[in-house]
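Each chain, letter by letter, is given below.
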Amino acid sequence: FMSRPLITIDPKSSIKDAIETMQSKDIRRLLVVDNRGKAVGIITDKDIFRAIRTNKDLLTSLLSDQLLIEHRTVLERLNENLFSDIFHPR
């Protein structure tokens, strides 16, 4: 379920853009739409956390931009997700 108005993002947007949008709108999901306005997917905060967890270069890039430090709730969610996978493996 998604709230209204729908907050969307372009498929070519960066993960940084997605994090900033989610943080500023206090949401956990973004509808991905193409240039014709057609839905092509959904990105969630967990998708972002998985990408960060599996890509050290991405994490380094985000930290160098201080994005995760400036947006403390995003960093807290990342830590919760990382630790939940350690203590409760899927």
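On a predicted model such as this, the values are computed, not experimentally measured, just so you know.

On a plain count of helices and strands, the protein comes out with five helices and three strands. Each helix and strand of the protein, ordered N terminal to C terminal, gives the series β-α-β-β-α-α-α-α. The buried share of the protein, taken over its 90 residues, is 26%. For the protein, the share of sequence-separated contacts (at least 6 apart) that also reach a separation of at least 24 residues comes to 43%.

A few words now on the pairing of strand S3 (residues 39-44). Here strand S2 (residues 29-33) pairs with S3 via five bridges, running antiparallel. Note on S3: the bridge partner recorded for Leu30 is Ile43. Two successive antiparallel strands, S2 and S3, enclose a turn made up of five residues, where Gly37 displays a positive phi of approximately 85 degrees.

It is worth spelling out the side chain of Asp34 at this point. For Asp34, the location among the structural elements is in the loop between S2 and S3. Overall, Asp34 belongs to the buried group, its relative accessible area being 16%. For Asp34, the side chain forms a polar contact with the main-chain nitrogen of Arg36, separated by 2.9 Å. Polar side-chain contacts of Asp34 include one of 2.8 Å to the backbone nitrogen of Lys38. When sequence neighbours within four positions are dropped, the list of residues in contact with Asp34 reads Pro11 and Val40.

Mapped onto the elements, Gly37 comes out in the loop between S2 and S3. As for Gly37 and Asp10, which are separated by 27 residues in sequence, their C-alpha atoms are 9.3 Å apart.

Our focus in this paragraph is the sheet that holds S2. What the three strands build is an open sheet, ordered S1-S2-S3; its pairing is mixed. Edge positions in the sheet fall to strand S1 (8-9) and S3, since each has one partner strand and no second. Against the sheet, helix H1 (residues 15-25) makes contact with S1, S2 and S3, and its axis sits at roughly 130 degrees relative to S2, the strand it touches most.

So, how was this worked out
Residues numbered from 1 in each chain as written. Predicted model: local features only at pLDDT ≥ 70, side-chain atom pairs only at ≥ 80, totals over all residues. Heavy atoms only, no water. Helix = DSSP H or I, 4+ residues; strand = E, 2+ residues; numbered from the N terminus. Buried < 20%, exposed > 50% of the residue type's maximum accessible area, 1.4 Å probe, protein only. Contact = heavy atoms within 4.5 Å. Pairing = 2+ DSSP bridges. Polar contact = N/O pair within 3.5 Å; in protein donor to acceptor, adjacent residues only side chain to side chain. Axes fitted to C-alpha atoms, helices over the stretch in contact; angles between N-to-C directions.

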